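Chain and residue survey
Now for the letters of each chain:
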Amino acid sequence: MADSVLVLTRLGGVATWRALRRGSSWREIRQALDTGGVVRVNRGRYALPLADEARVAGARLTGTVSHTSAAVHWGWAVARTPAEPHVTVSPRRHIAAARREGVRVHWRVLEPSEICDGWVTSPARTVIDCCLDLPFDEALAVVDSSWRAGLKP
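If you're wondering where the values come from, they're calculated on a predicted model, not measured in any experiment.

**Section: the overall build of the protein chain**
- A tally of regular secondary structure across the protein chain gives eight helices and eight strands.
- In terms of C-alpha radius of gyration, the protein chain reaches 16 Å, essentially the compact-globule figure of 15 Å for 153 residues.
- Each principal axis of the C-alpha distribution contributes one length, and for the protein chain these read about 50 × 35 × 25 Å.
- Across the 153 residues in the protein chain, those meeting the buried criterion constitute 44%.
- A sequence separation of at least 24 residues applies to 51% of the contacts in the protein chain between residues at least 6 apart.
- A total of about 8600 Å² of accessible surface is found on the protein chain, and carbon and sulfur atoms cover 54% of it.
- Of the side chains in the protein chain, 21 bear a positive and 15 a negative charge, and the two mean positions are spaced by 8 Å.

What follows is the structure, encoded as structure tokens:
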């Protein structure tokens, strides 16, 4: 079990079956699942029980962490900490309401260049999304914080 947990820790707490399988045997993964050291969040996607909520939500919906959830990841100040993680998915996807529960889902086409590390929107895309979808004061907090962190318009 320790190997599977260690592999997931090195991968940031969330990983696909393929990534997890590279560092662990399927028996170690099965044991970790049985003992609760690893949880299955979606078909082919696994996480540590205490992994980042936004990242787990993105994996669960096979989407990209975005908006203020991404801003928090980038270390920027936000006006209000998001009560629910923001996840962006393809507009072609249909996600049942029960699966969307507890997540603010946004439908938008994201280019590969707008996704960092395969799970979070890029800094520039994060600012754009916040400006498009959030109330003015929340968007302004993210824009101001991103500028102070070095992101230029």
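**Some words on the side chain of Thr 121**
- Relative to the helices and strands, Thr 121 is located in strand 8 (residues 120-121).
- A relative accessible area of 0% means that Thr 121 is categorised as buried.
- Those residues in contact with Thr 121 that sit more than four places away from it in its chain are Thr 64, Val 65, Ser 66, His 67, Ala 70, Trp 74, Leu 110, Glu 114, Ile 115, Thr 126 and Asp 129.

**Remarks on unusual backbone geometry**
- If you check the backbone angles, Thr 62 has positive phi at about 50° while not being a glycine.
- By relative accessible area, which is 39% here, Thr 62 ends up partly exposed.
- Non-glycine residue Asp 117 carries a positive phi angle of around 55°.
- Along the polypeptide, Asp 117 turns up in the loop between strand 7 (115-116) and strand 8.

**Side note on the pattern of salt bridges**
- As enumerated under the stated definition, the model contains eight salt bridges in all.
- Note that Arg 80 is salt-bridged to Asp 137, the shortest N-O span being 3.0 Å. One end of the pair, Arg 80, is in the loop between helix 5 (67-73) and strand 5 (86-89); the other, Asp 137, is in helix 8 (residues 136-148), and 57 residues separate them in sequence.
- The exposure class of Arg 80 is partly exposed, given its relative accessible area of 44%.
- With a closest N to O distance of 3.1 Å, Glu 114 and Arg 125 form a salt bridge. Here Arg 125 lies in helix 7 (residues 123-133) and Glu 114 lies in the loop between strand 6 (104-107) and strand 7, a separation of eleven residues in the sequence. For the residue pair Glu 114 and Arg 125, the accessibility class agrees, reading buried in each case.
- Via salt bridges that share partners, Arg 108, Glu 114, Arg 125, Asp 129 and Asp 133 belong to a single interconnected network.

**Looking at the side chain of His 106**
- Structurally, His 106 is set in strand 6.
- Each residue touching His 106, except ones within four places of it in the same chain, is listed here: Ser 66, His 67, His 86, Val 87, Thr 88, Val 89 and Asp 133.

**A closer look at helix 3 (residues 26-35)**
- Listing the buried residues of helix 3 in full gives Ile 29, Ala 32 and Leu 33. Summarising the axial view, the buried residues of helix 3 lie within an arc of 100°, below the 170-degree limit, and thus occupy one face. Residues of helix 3 that are exposed and point over 90 degrees away from its buried face: Arg 27, Asp 34 and Thr 35.
- The first or second residue beyond helix 3 is Gly 36, which carries a positive phi of 90°.

**Looking at a negative patch on the surface**
- Together, Asp 52, Glu 53, Glu 84 and Glu 101 line one region of the surface with negative charge.
- Judged by its relative accessible area of 53%, Glu 53 is exposed.

Criteria and thresholds
- Residues numbered from 1 in each chain as written.
- Predicted model: local features only at pLDDT ≥ 70, side-chain atom pairs only at ≥ 80, totals over all residues.
- Heavy atoms only, no water.
- Helix = DSSP H or I, 4+ residues; strand = E, 2+ residues; numbered from the N terminus.
- Rg over C-alpha atoms; globule rule 2.2 N^0.38 Å.
- Buried < 20%, exposed > 50% of the residue type's maximum accessible area, 1.4 Å probe, protein only.
- Contact = heavy atoms within 4.5 Å.
- Areas by Shrake-Rupley, 256 points an atom, 1.4 Å probe, with all protein chains shown as cover.
- Lys, Arg positive; Asp, Glu negative; His and termini not counted.
- Charge placed at Lys NZ, Arg CZ, Asp CG, Glu CD.
- Salt bridge = Lys/Arg side-chain N within 4 Å of Asp/Glu carboxyl O.
- Arc of directions from axis to C-beta.
- Patch = residues over 30% accessible without salt bridge, like charges linked within 9 Å, V, L, I, M, F, W, Y side chains within 5 Å.

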